[in-house]
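Coordinate inspection notes
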Amino acid sequence: MERRSFLRTAVVGGTAAALGAVGTGGSAVGAFGGSLWRGAAVTGTARPGRGPYGAPLAADAGGLALPPGFTGRVIARSGEEVAGTSYAWHSAPDGGACFADGTGWIYVSNSEISPSGGASAVAFDGSGAITGAYRILSDTRQNCAGGSTPWNTWLSCEEVSRGYVYETDPRGVRPAVRRGAMGRFKHEAAAADPVRRAVYLTEDERDGCLYRFVPAEWGSLASGTLQVLTAGEADSGSFTWTDVPDPAAAERRTREQVPGAKRFSGGEGCHYADDSVWFTTKGDDRVWRLDLGSDTYELAYDESAISGGGPLTGVDNITGGASGDLYVAEDGGTMEICVITPEGEVAPFLRIDGQPDSEITGPAFSPDGGRLYFSSQRGTSGADSGGITYEVTGPFRKQAGSPVRNWVSSLSLPPAPRL
């Protein structure tokens, strides 16, 4: 097995803080907490370890197994009214993100069903109490993952052939807008890069590609250029971006238009942090890293490279914490969210027992970094109507030497997002 390079830690300041970068499933913390992933390259992908929190304890009555010092609660169940509201939570909850809003925050979540799909939101006050729940996108198909933008909108992606990206208002005030310029393909996730003023997009196909959308005007996704990553067949190397001739082609599929487009086995989650894009591929249980400063790519995690198999399988949605840790949700596997640390360890963070026919989706941190939201898409029933959305609270790691500030007050949503 070819050895891969893996970046180890060097504690750095959060240069992304001044730029407002937010990634898929991200939040104010993922954007402003900085990252520890810069540093010297070492041989090999992330290796199994104890992790920063230790092994999850025995599961509680609801089947949620958490590390010491952490607690969990259910905030919504598919088909049932969210507590304190008259809004029934959607089926098959999938990708999600958090947005600061005054002294509170909003968690948005996609619905991966067809034909209705769409997305919903739950609002919280500064203490974490639920203050509302509502629909933000309707009449779309199989909305899987997506990503947040620096101007505080949610990009909801259709995971269907020739699907679209929809830009939505987390508060549900402005109507959602279809962004056809971002291409028509089996969209999975999106991550915004405010440095290069681009949005990266994964494609959930066995021979899918990785795309970059460069808007004509940063802050507006109405028009721009769709590009595809071109590179060799190796698991590491250099890459370039090539324009897609016809992103909305009726006949010729997007991923077949550019010779030399790099193929990835089932693109899933996508996260931007500290001049890097991290994305996952479920077909081969890998986590990839694009180093945007050097225009190179490499593997951060490869399950097949670990003797006896790694702890992370069925890789899916991905997000980042203020410490630079990556949190990767499993689609199946052992129903865990695993953490990959900047030190090069991968370990289970939490587990959901008694739900073998489900998958974990939508991990995202609250703006203060103290709460993690996610869903079990099909819950105990194994049906789309059985989804459960959770909140976990506890001593999540902060960036070394730089405690996370209360970004809730400083990152309030503007009066109305630009759509």
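Preceding this paragraph is the structure being described.
Overview of the structure. Quick caveat: nothing in here was measured; it's all calculated off a predicted structure.

Here we take up the sheet that holds strand β12 (residues 165-168). Pairing is antiparallel in the open sheet, where four strands are placed in the order β10-β11-β12-β13. On the outer flanks of this sheet lie β10 (143-148) and β13 (177-178), each paired with one strand and no other. As paired elements, β12 and β13 share two bridges and run antiparallel to each other. Across the sheet, the residue bridging to tyrosine 166 is arginine 178, located in β13.

Note: strand β8 (residues 119-124) against strand β9 (residues 130-137), six bridges, orientation antiparallel. Its bridge partner lying in β9, phenylalanine 124 is registered against isoleucine 130. In this antiparallel pair of consecutive strands, β8 and β9, the connection spans five residues, and glycine 128 shows a positive phi of 95°.

Turning next to the pattern of salt bridges. According to the stated counting rule, one finds 22 salt bridges in the structure shown. Taking the shortest distance from any N to any O, the salt bridge between arginine 73 and glutamate 391 comes out at 2.7 Å. Taken together, the positions of arginine 73 in strand β5 (residues 71-77) and glutamate 391 in strand β30 (residues 388-393) put the pair 318 residues apart, joining distant regions of the chain. The buried category is assigned to glutamate 391, whose relative accessible area is 3%. A salt bridge links arginine 196 to aspartate 275; the nearest nitrogen and oxygen atoms lie 2.6 Å apart. Here arginine 196 is found in the loop between β14 (187-193) and β15 (198-203), whereas its partner aspartate 275 is found in the loop between β20 (267-273) and β21 (276-281), with 79 residues between them in sequence. On the basis of relative accessibility, which here comes to 22%, the residue aspartate 275 falls in the partly exposed class. What emerges from the salt-bridge pattern is a single network uniting Glu203, Glu205, Asp207 and Arg255.

A few words on unusual backbone geometry. In this model, serine 114 is joined to proline 115 through a cis peptide bond whose omega is 15°. Examined against the element boundaries, proline 115 turns out to sit in the loop between β7 (104-111) and β8. Positive phi outside glycine occurs at alanine 92, with the angle close to 45°. The buried category is assigned to alanine 92, whose relative accessible area is 0%. Although it is not a glycine, glutamine 142 adopts a positive phi angle of roughly 45°.

In space, the four strands of this open sheet follow the order β5-β30-β29-β28, with antiparallel pairing throughout. Where the open sheet ends on each side, the last strands, each with one partner, are β5 and β28 (360-365). Each strand axis lies, on average, 20° off the axis of its neighbour in the sheet, ignoring direction. Pairing between strand β29 (residues 371-376) and β30: six bridges, direction antiparallel.

Before going further, it helps to spend a moment on the packing of aromatic side chains. All told, the structure shown has 23 aromatic pairs when counted by the stated rule. With 4.9 Å between their ring centres and 85° between their planes, tryptophan 151 and tryptophan 218 make a pair best called edge-to-face. Here tryptophan 151 is found in the loop between β10 and β11 (154-158), whereas its partner tryptophan 218 is found in the loop between β16 (210-217) and β17 (220-230), with 67 residues between them in sequence. Through a chain of ring-to-ring contacts, the aromatic side chains of Tyr53, Phe70, Tyr327, Phe349, Phe365 and Phe396 assemble into a single cluster.

With that out of the way, let us pick up the environment of serine 156. By secondary structure assignment, the location of serine 156 is in strand β11. Along the chain, serine 156 and alanine 190 lie 34 residues apart, while their C-alpha atoms are 8.6 Å from each other. Excluding its chain neighbours within four sequence positions, the residues that come into contact with serine 156 are Asn110, Leu137, Asn143, Ala145, Tyr164, Val165 and Tyr166. Within the structure, serine 156 has its side chain in polar contact with the side chain of asparagine 143 (distance 2.9 Å).

Here the focus is the side chain of histidine 90. The topology assignment puts histidine 90 in the loop between β5 and β6 (93-101). The class of histidine 90 is buried, set by a relative accessible area of 4%. Only 3.0 Å separates the side chain of histidine 90 from the backbone oxygen of asparagine 110, close enough to count as a polar contact. For histidine 90, the side chain forms a polar contact with the side chain of serine 120, separated by 2.9 Å. The residues contacting histidine 90, other than those within four sequence positions of it, are Ser78, Ser109, Asn110, Ser111, Ser120 and Arg135.

The next subject is the pairing of strand β22 (residues 286-291). For β22, the tally of buried residues reaches six of six residues, placing the bulk of the element in the interior. Residues Arg286, Trp288 and Leu290 of β22 are buried on one face, and the alternating residues Val287, Arg289 and Asp291, pointing to the opposite face, are buried as well. Looking at chain direction, β21 and β22 are connected through six bridges and run antiparallel. Each residue of the ladder has a partner; that of tryptophan 278, found in β22, is arginine 289. Hairpin geometry of β21 and β22 is characterised by an intervening segment of four residues between the two adjacent antiparallel strands and by a positive phi of about 55° at aspartate 285. In this sheet, strand β23 (residues 296-302) lies alongside β22 in antiparallel orientation, the contact comprising six bridges. By the bridge assignment, arginine 289 is partnered in β23 with glutamate 298.

What counts and how
- Residues numbered from 1 in each chain as written.
- Predicted model: local features only at pLDDT ≥ 70, side-chain atom pairs only at ≥ 80, totals over all residues.
- Heavy atoms only, no water.
- Pairing = 2+ DSSP bridges.
- Helix = DSSP H or I, 4+ residues; strand = E, 2+ residues; numbered from the N terminus.
- Salt bridge = Lys/Arg side-chain N within 4 Å of Asp/Glu carboxyl O.
- Buried < 20%, exposed > 50% of the residue type's maximum accessible area, 1.4 Å probe, protein only.
- Axes fitted to C-alpha atoms, helices over the stretch in contact; angles between N-to-C directions.
- Phe/Tyr/Trp six-rings, centres within 6.5 Å; stacked < 30°, edge-to-face > 60°.
- Contact = heavy atoms within 4.5 Å.
- Polar contact = N/O pair within 3.5 Å; in protein donor to acceptor, adjacent residues only side chain to side chain.

None of the figures reported here should be taken as evidence of function without further support.
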